[in-house]
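Fold and contact review
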Amino acid sequence: LLLLLLLCNLISEDSYFGFLLLLVFASMVVPVKDYQWSETEEYVEIVVPLKGVKKTKADVFASDMYVKVNFPPFLFEVDLAEAVNEQESKAVIGDGVVKFNLIKREHKLWGHLAFKGSREELFQRRLDAQERHRKKTQDNEVEMKRISHEKDREAVRRQMKLEEDQRKKRERKIEEEKEKFDEQIEVANKASKQVVDKKTIKELPPIRKTTKIGFSFSKRQFTTPERETFKEQEEEWLKKQTEARRAIAQAKDGDAHAFEYEDKGRAFFAHGDIQSAINAFTSAITLEPANGRLYSMRAACHLKVNDLHASCSDSSKALSLFVPPVAANATDRLKTHLRRAAALEMLDDQESALFDYKKALEINPHDEKVKELVEKLSLSLKNDISQKIK
């Protein structure tokens, strides 16, 4: 009280000098002495009162031989008499106190909490404890980076293996088709040899003279040669692409609404016009890119035409927009997980497909159809693992 009166007097006489004294007074540290501690042979318990300071302003530090709680203007610190297990020890802030539960390295009674020694020994001991804590934190960060790097490498290896398996599967299928075709040719040749009578073979006409014929290719929108059988489908596809680009441009410049294109997309999908449905949902997404339901419905269209990678991409985008996961978007999340699971299963990524089926089952645990899919895929994976082991 006398100090405050003195400060008030100095401020009134010399504002600058009084302001400096106020800064010095504000920066003073008040050590905490009214803490409580107890011990057993296994652990030490320390309770430090926060003295009305909010717990968010309390800075707690603990190492194997040093404990500190800084909650300005108060400070509690103690150099422990013996070492504790830093990994198993813990500190809890609540109910106006900081409570330490420190596990002893050696099971014995200390008899006193603080280390007894000279100031030089205490200072060196504290520096060593802080250095050990810093090194341990650095080692933990290095280990976490190593684990993260290993996970990334494992994901790349799995992707490479999946692509290699798919490539081999395609090669086997091509080889089987080739062998089947060769067998058919061989059978046809044998049959023709049996029918042809050598006596009926007439003298062949002379070989015609060769010449060169010049030709040029007309411009096309497609990289493949023109075929009469595909001309109608190609013209229809070009027409739809032109209409889609025009619709997207109108959606950006006009007064169209996303729900209008959503209704059109649903109608096209119901009538089997999948490409028009994709174009409509794309226009809706252009107007409302944060609507996860639009991505989910476009994923259903891609799945319908076996564009599996596009279906997975749209499903993942939709799930990232259905946040937070609440009851209002539960039905959309359920459908999206099932669509991505179906696409992944067709891509022969059974583990990822099983993950999405399980997510769908978490949303609706009473869906018997999803339960059957989870059981069936789990059994298939177990059989694959058993065969690999054999």
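Given the structure is predicted, the values throughout are model-derived calculations rather than measurements.

Conventions adopted
- Residues numbered from 1 in each chain as written.
- Predicted model: local features only at pLDDT ≥ 70, side-chain atom pairs only at ≥ 80, totals over all residues.
- Heavy atoms only, no water.
- pLDDT = per-residue confidence, 0-100.
- Helix = DSSP H or I, 4+ residues; strand = E, 2+ residues; numbered from the N terminus.
- Salt bridge = Lys/Arg side-chain N within 4 Å of Asp/Glu carboxyl O.
- Buried < 20%, exposed > 50% of the residue type's maximum accessible area, 1.4 Å probe, protein only.
- Phe/Tyr/Trp six-rings, centres within 6.5 Å; stacked < 30°, edge-to-face > 60°.
- Lys NZ or Arg CZ within 6 Å of the ring centre and 35° of its normal.
- Pairing = 2+ DSSP bridges.
- Axes fitted to C-alpha atoms, helices over the stretch in contact; angles between N-to-C directions.
- Core = buried A, V, L, I, M, F, W, Y, C linked by side-chain atoms within 4.5 Å.
- Contact = heavy atoms within 4.5 Å.

**Quick word on the confidence of the model for the chain**
The pLDDT averaged across the chain works out to 83; a share of 84% of its residues lies at or above 70. Least confident of the elements in the chain is helix α2 (residues 15-26), whose mean pLDDT is 51; most confident is helix α7 (residues 292-304), at 94.

**Quick word on the pattern of salt bridges**
Across all of its chains, the model carries 21 salt bridges by this definition. Residue D64 is joined to R105 by a salt bridge in which the shortest nitrogen-to-oxygen separation is 3.4 Å. Highlighted residues: D64 in the loop between β4 (59-62) and β5 (66-71) and R105 in the loop between β8 (97-104) and α3 (119-195), separated in sequence by 41 residues. With relative accessibility at 52%, the residue R105 sits in the exposed group. For E171, the salt bridge is made with R167, and the minimal N-O distance between the two is 2.4 Å. Of this pair, E171 and R167 both sit in helix α3, four residues apart, roughly one helical turn. Linked by salt bridges that have partners in common, D64, R105 and R132 make up one network.

**Description of the packing of aromatic side chains**
What the rule picks out here adds up to three aromatic pairs. The lysine or arginine in question, R125, covers the ring of F115, its NZ or CZ lying 4.2 Å from the ring centre. The side chain of K264 reaches across the aromatic face of Y261, ending 5.3 Å from its centre.

**A few points about the pairing of β5**
Taken together, the four bridges between β4 and β5 define a ladder with antiparallel strand orientation. Among the inter-strand pairings, D59 is bridged to a residue of β5, identified as N70. Count of turn residues in the β4/β5 antiparallel hairpin: three residues. In this structure, β5 lies alongside strand β6 (residues 74-79), joined through six bridges in antiparallel fashion. Of the residues in β6, the one forming a bridge with N70 is L75. Where β5 hands over to β6, the hairpin turn is made up of two residues, counted between the paired strands.

**A short note on unusual backbone geometry**
With the exception of glycine, most residues fall at negative phi, and the peptide bonds are largely trans. For the bond from P72 to P73, the omega torsion is 5 degrees, close enough to zero to count as cis. Counting through the fold element by element, P73 comes out in the loop between β5 and β6. Cis rather than trans, the peptide bond between V323 and P324 has omega equal to -5 degrees. In this fold, P324 is placed in the loop between α8 (308-321) and α9 (330-346). In this structure, D95 is a non-glycine residue whose phi angle is positive, near 60 degrees. Its place among the elements puts D95 in the loop between β7 (84-94) and β8. What makes D95 exposed here is its relative accessible area of 84%.

**Structural notes on the sheet that holds strand β2 (residues 36-39)**
Reading across the sheet, the four strands line up as β2-β3-β8-β7 and stay open at both edges, with antiparallel pairing between neighbours. Sheet topology places β2 and β7 at the edges, where each strand pairs with a single neighbour. Here the average twist between neighbouring strands, direction ignored, is 15 degrees.

**Brief notes about the nonpolar core**
Counting residues in hydrophobic clusters, the biggest one holds 21 residues, and the most contacted among them are I46, V48, F71, F76, L80, F100 and L102. Those elements that provide at least two residues to this core are β3 (43-49), β5, β6 and β8. Those residues in contact with V48 that lie beyond four places of it in its chain are V32, Y35, F71, F76, G96, V97, V98 and F100. Among the nonpolar cores identified, the runner-up in size contains 16 residues, and C312, L334, L344 and L377 belong to it.

**Comments concerning the environment of L109**
Its location among the elements puts L109 in the loop between β8 and α3. The exposure class assigned to L109 is exposed, which follows from its relative accessible area of 54%. Between the C-alpha atom of L109 and that of E41, which follows or precedes it by 68 residues, the distance is 5.1 Å. Other than its neighbours up to four places away in sequence, L109 contacts E39, T40, E41 and K104.

**A look at the environment of K371**
Structurally, the position occupied by K371 is in helix α11 (residues 368-389). According to the relative accessible area criterion, K371 is partly exposed, its value standing at 28%. As a C-alpha pair, K371 and Y357 span 14 residues in sequence and 8.3 Å in three-dimensional space.

**Focus on the sheet that holds strand β1 (residues 30-31)**
Here we have four strands laid out as an open sheet, ordered β1-β6-β5-β4, and mixed in their pairing. Two strands lie at the open edges of the sheet, namely β1 and β4, each paired on one side alone. Looking at chain direction, β1 and β6 are connected through two bridges and run parallel. The partner of P31 across the bridge, within β6, is L75.

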